[in-house]
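So you can see what is in the structure, the chains are spelled out below.
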Amino acid sequence: MRPERSGNLRGAALMAAAAVLFAAEVLMIRWMTLRGIPVEVQLFARALGQLLWVTPRIATSGLAVFRTRRLPMHALRGLSSLICWGLYYYSFTRLDMATGTVLSFTNVMFTTLLAGPVLGERVDRWRWFGTIAGLLGVAVMLRPGAQVDVLGAAAAIVAAIAWCGITLSSRALTRTDATLTVLAWVGVFTSLGVLPLAVRAWVPLELVDLGLLLVIATVMPGIIFLVTEALRHGEASAIAPFQYLRLVVVAIAGWAIFGELPDAWGWLGAAIILSGALVITVAEARRR
């Protein structure tokens, strides 16, 4: 087997694993919400987990992992993460899991819209085509009379817009700072940002609830690790589309466990959004 093919297979497997883990996080959000764990507390566990992942580096090299000359940019990324994940988690308390997941894919469209004016990137016709298609898909899903919770949909779309802040600030930061430095600072800013809300929303928790929060804190930051390793081993154009596997997992789980299914128009809008996101993802990967 040729080395590049072997690398692509490994990268595809890692990206698929990240997609499954992403889907598992959605299931856990729904489970924790049904158990009465406040979203604010869920978010604090998720934010604190990012700090836990850099703890080994702090133990070996001290606070050097926090060394940076771009603290304002880290603060911007932290704020973007706080808004994005807060609204992303909240959206799944009001939307079925498939709809919430599909709307989260619109982040690639909004990133395309901002990449030109913010980063000065040239946006080719394929990325514009995918963006327009994706926005059309949103219009189909949220058409007048659609059985979609408006507040939940708005939260999902604003979360996708905030994801652009994460993407664009990350691109800027990785030019000068190490990945662990970025993770460390985003953990600091998001943990401090959500802590007052988590304290205010705190309710007595059972042992099972604490176990779920521990899983969120220790396992879910692995999504970033898996995606990074996938891109390290395989060609981006070959493996990036595997991230959309999470929609399949989420849709099947939502139907099997919670009896959730979007209507026909919802599936049509989802297909259009997914197609647009796939076009942009492949075009972006080939550009790099």
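In this report, we go over the structure that sits alongside the text. Source: prediction; values computed, not measured.

### So, the overall build of the protein
Within the protein one finds 13 helices and 0 strands. Listing the helices and strands of the protein from first to last along the sequence gives α-α-α-α-α-α-α-α-α-α-α-α-α. Dimensions of the protein, computed from the C-alpha atoms along their principal axes, are close to 50 × 50 × 40 Å. Classification of the 288 residues of the protein by burial places 50% in the buried group.

### Here we look at the environment of leucine 103
Along the chain, the position of leucine 103 falls in helix H4 (residues 97-104). Along the primary structure leucine 103 and valine 26 are separated by 77 residues, whereas in three dimensions their C-alpha atoms are 13 Å apart. What leucine 103 contacts, discounting residues up to four positions off in sequence, is Leu95, Val138, Met141, Ala153, Ala156, Ala160 and Ile273.

### Some details on the packing of aromatic side chains
Any aromatic ring pair is given by two values, namely how distant the centres are and how the planes are angled relative to each other. The tally for this structure, following the rule as stated, stands at 9 aromatic pairs. Taken together, the ring pairs connect Phe22, Trp85, Tyr88, Tyr89, Phe92 and Trp163 into an aromatic cluster. For the cation-ring pair, arginine 46 lies above tryptophan 85, with the distance from its terminal atom to the ring centre recorded as 4.5 Å.

### Re the nonpolar core
Grouped together as the largest cluster of nonpolar side chains are 32 residues, with contacts concentrated most on Met32, Trp85, Tyr88, Tyr89, Leu213 and Ile216. Counting residues per element, the ones that place at least two in this core are helix H1 (3-34), helix H2 (39-61), helix H3 (71-91), helix H7 (150-173), helix H9 (207-218) and helix H10 (222-233). Among the elements that line this core, the one with the most residues is H1, at 8 residues. Counting residues in hydrophobic clusters, the runner-up holds 22 residues, among them Val102, Leu103, Phe105 and Met141.

### Concerning the packing of H2 against helix H8 (residues 179-201)
Interaxial distance between H2 and H8 falls to 7 Å at its minimum, and their mutual angle equals 150 degrees. Overall, the two elements H2 and H8 adopt an arrangement that is roughly antiparallel. Note that H2 runs across H8; the crossing there is left-handed. For the contact of H2 with H8, the per-class residue count stands at 17 nonpolar, 4 polar and 2 charged.

### Points about the state of the cysteines
This model, assessed by the stated rule, comprises 0 disulfides. Cysteine 84 carries a free sulfur, and the closest cysteine sulfur to it, the one in cysteine 164, is 9.0 Å from it. Classification of cysteine 84 as buried rests on a relative accessible area of 4%.

### Some thoughts on H8
The end-to-end C-alpha distance of H8 is 32 Å, a good match for the 33 Å that 23 residues give at a rise of 1.5 Å each. At leucine 195, H8 shows its maximal kink, close to 35 degrees; a proline, proline 196, follows between one and four residues later.

### As for H3
Here H3 spans 30 Å end to end across 21 residues, near enough to the 30 Å set by a 1.5 Å rise per residue. Looking only at H3, the buried set comprises His74, Arg77, Gly78, Ser80, Ser81, Cys84, Trp85, Gly86, Tyr88, Tyr89 and Ser91.

Calculation criteria
Residues numbered from 1 in each chain as written. Predicted model: local features only at pLDDT ≥ 70, side-chain atom pairs only at ≥ 80, totals over all residues. Heavy atoms only, no water. Helix = DSSP H or I, 4+ residues; strand = E, 2+ residues; numbered from the N terminus. Buried < 20%, exposed > 50% of the residue type's maximum accessible area, 1.4 Å probe, protein only. Contact = heavy atoms within 4.5 Å. Phe/Tyr/Trp six-rings, centres within 6.5 Å; stacked < 30°, edge-to-face > 60°. Lys NZ or Arg CZ within 6 Å of the ring centre and 35° of its normal. Core = buried A, V, L, I, M, F, W, Y, C linked by side-chain atoms within 4.5 Å. Axes fitted to C-alpha atoms, helices over the stretch in contact; angles between N-to-C directions. Parallel < 35°, antiparallel > 145°, perpendicular 65-115°, else oblique. Left-handed = near helix turned anticlockwise from the far one by under 90°. Nonpolar A, V, L, I, M, F, W, Y, C, P; charged D, E, K, R; others polar. Disulfide = S-S within 2.5 Å. Expected span 1.5 Å × (residues − 1). Bend = angle between axes of the 7 residues up to and from the residue.

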